[in-house]
Structures are given as structure tokens and as C-alpha cells.
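# Working through the structure, step by step
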Amino acid sequence: MLEQIKAAIFDLDGTLVDSMGLWRDIDIEFLQARGIAYHDSLQELIEGMSFTETAVFCKEYYNLHESVEELKAIWNRMAQHKYRYEVQLKPGALEFLEDLKSRGIKMGIATSNSPELIQAVNGAYHFDRYMSCIVTACSVNKGKPAPDVYLEAARQLDVKPEDCLVFEDIVKGLEAGKNAGMKVCAIEDLYSVSQRTKKREICDYYIESYDDIKNGCYYQATAAKKKRA
């Protein structure tokens, strides 16, 4: 998997940290406080959107009176403590980052999350020890599945897209990596189990956890599949 790779670029939520369930709880609490019923279809509607795009969408979709910036501030306040003190790393993630560092492979994060919450989770796990860049989708033109955030990460890492390997947990993130001309590795996550078949169709590799890479037991797309893609 790591042969001829010069950079690894990671999504954050559901990929490096186990945080997707946290957002479902926040969405339920936020909407209930405004007398609005939560439906699981919301996650599908906002999948891949940047933090700002999500705020714009929710303001229009639910006819909320708060401004886009006010919505972002509310969500940051609701999530900040959880990201700093409760969110757990995905199994084997830290050991894998250490392995990449020892190999001299550059690393970066390309996320739809907010700078404030990245700072909070960095306070817990110190990703800045490994990452040469952290790019948010709010800082580029379009969120995932557009390639913008991954192309910007590659630019900051000074690595060609074809020399990058993307790690993602959702279909639109994998599509963003593919649209950027990068290889993609899908990682299992409880909150994208329904996407498992589609993720396998898109990805070059599929792992249950980062320990699979160390143990050499992961799904790899066949040459025939790659050719058809």
C-alpha cells in the first residue's frame, strides 16, 4: 500500500478519530431545542459539506433565524469539550502515524470540520507532531466530493496528487480523493456501514483498522477493477 507513496492525507472525523456518533447527538440536541424533529437522512444530505456549507444548508433547509456564523459558533461550542476530552482515536491510528513518520512519508489532514474543533482535538492528540499541513474545506472553493481540499493539501505538502494516498471513511470523501487523482484507502466506520459496498467499489484499499496495514491483511482492488474504473 505504501510503495511509491510520498504523502498520506487523512480525513479527520470517522477516519483518524471516532467522532461521527457525536455529531448525530449534537444534531438531535440542536434541532430539538428549536422544536424540530431529527431524521437520519440529515447526515446523507450534508455528507462531505464543509462546516460553512453545512451551516448554509441547515439555515435554508430548516428556516433557522440564526446567521451562518452564529450557527457555526453554536456548533463549535456544543462540540468543543467533546473533541478535547471525549473523542477517541481510531484503533491503530497513532501507531500508523508513527510508522509513516519513520518512513519519511509526508502527512496532512484534509477535513470538512472547523478550525476550532481541529484545534481542540489537536490539544488531545497533538496531530501537529505528524502533520505538515491541516486544510479545512472552508478554506477552499468547494467541499467533498469536489477535489479542492485534497489538491490544496497536496500543494502545501509539495507532492504531486498521483503520489498521495488518501484515507477516508465516507463515499463522498473517497470520491474527492479520486477526483483529485489520488489513490484512496477506505476505513471501516460504524456510521458508514450502509456505504460499505459502495466504498469497496471506489477504493484502492479497504481496512477495518490501521492495524490491518501493519499486519498486511487488507482489501486491495484487483487490477481488472482498477482498469474498469
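It should be emphasised that the depicted structure is a prediction, and the values quoted were computed from it without experimental measurement. (Residues numbered from 1 in each chain as written. Predicted model: local features only at pLDDT ≥ 70, side-chain atom pairs only at ≥ 80, totals over all residues. Heavy atoms only, no water.)

Our next topic: helix α5 (residues 93-103). Of the residues making up α5, those classed as buried are A93, F96, L97 and L100. Here the buried residues of α5 occupy an arc of 100 degrees about the axis, which is enough to place them on one side. More than 90 degrees from the buried face of α5, the exposed residues found are E95 and S102. Of the surrounding elements, those touching the buried residues of α5 are β1 (7-10), β4 (106-111), β6 (164-168) and α10 (211-215). Looking one or two residues past α5, G104 carries a phi angle of roughly 75 degrees, positive in sign. (Buried < 20%, exposed > 50% of the residue type's maximum accessible area, 1.4 Å probe, protein only. Helix = DSSP H or I, 4+ residues; strand = E, 2+ residues; numbered from the N terminus. Arc of directions from axis to C-beta. Contact = heavy atoms within 4.5 Å.)

Let us look at the layout of surface pockets. Computed from the structure, the largest pocket encloses a volume of approximately 790 Å³. Along the wall of the largest pocket there are 32 residues; nearest its centre are M20, W23, Q43, I46 and E47. Looking at the lining of the largest pocket, the elements with two or more residues in it are α1 (20-32), α2 (41-46) and α3 (51-61). Residue classes in the lining of the largest pocket are distributed as 11 nonpolar, 11 polar and 10 charged. Empty space within the second largest pocket amounts to approximately 170 Å³. Lining the second largest pocket we find M1, L2, G92, E95, F96, D99, R103, Y210, D211, I213, K214 and Y218. Elements with a minimum of two residues in the lining of the second largest pocket: α5 and α10. Looking at the lining of the second largest pocket residue by residue, the class counts come to 6 nonpolar, 1 polar and 5 charged. (1 Å grid on protein atoms, 1.4 Å probe; cavity = no way out; pocket = protein on both sides within 12 Å on 5 of 7 lines; lining within 4 Å. Points joined across faces, edges and corners; volume = space filled by probe spheres on them. Nonpolar A, V, L, I, M, F, W, Y, C, P; charged D, E, K, R; others polar.)

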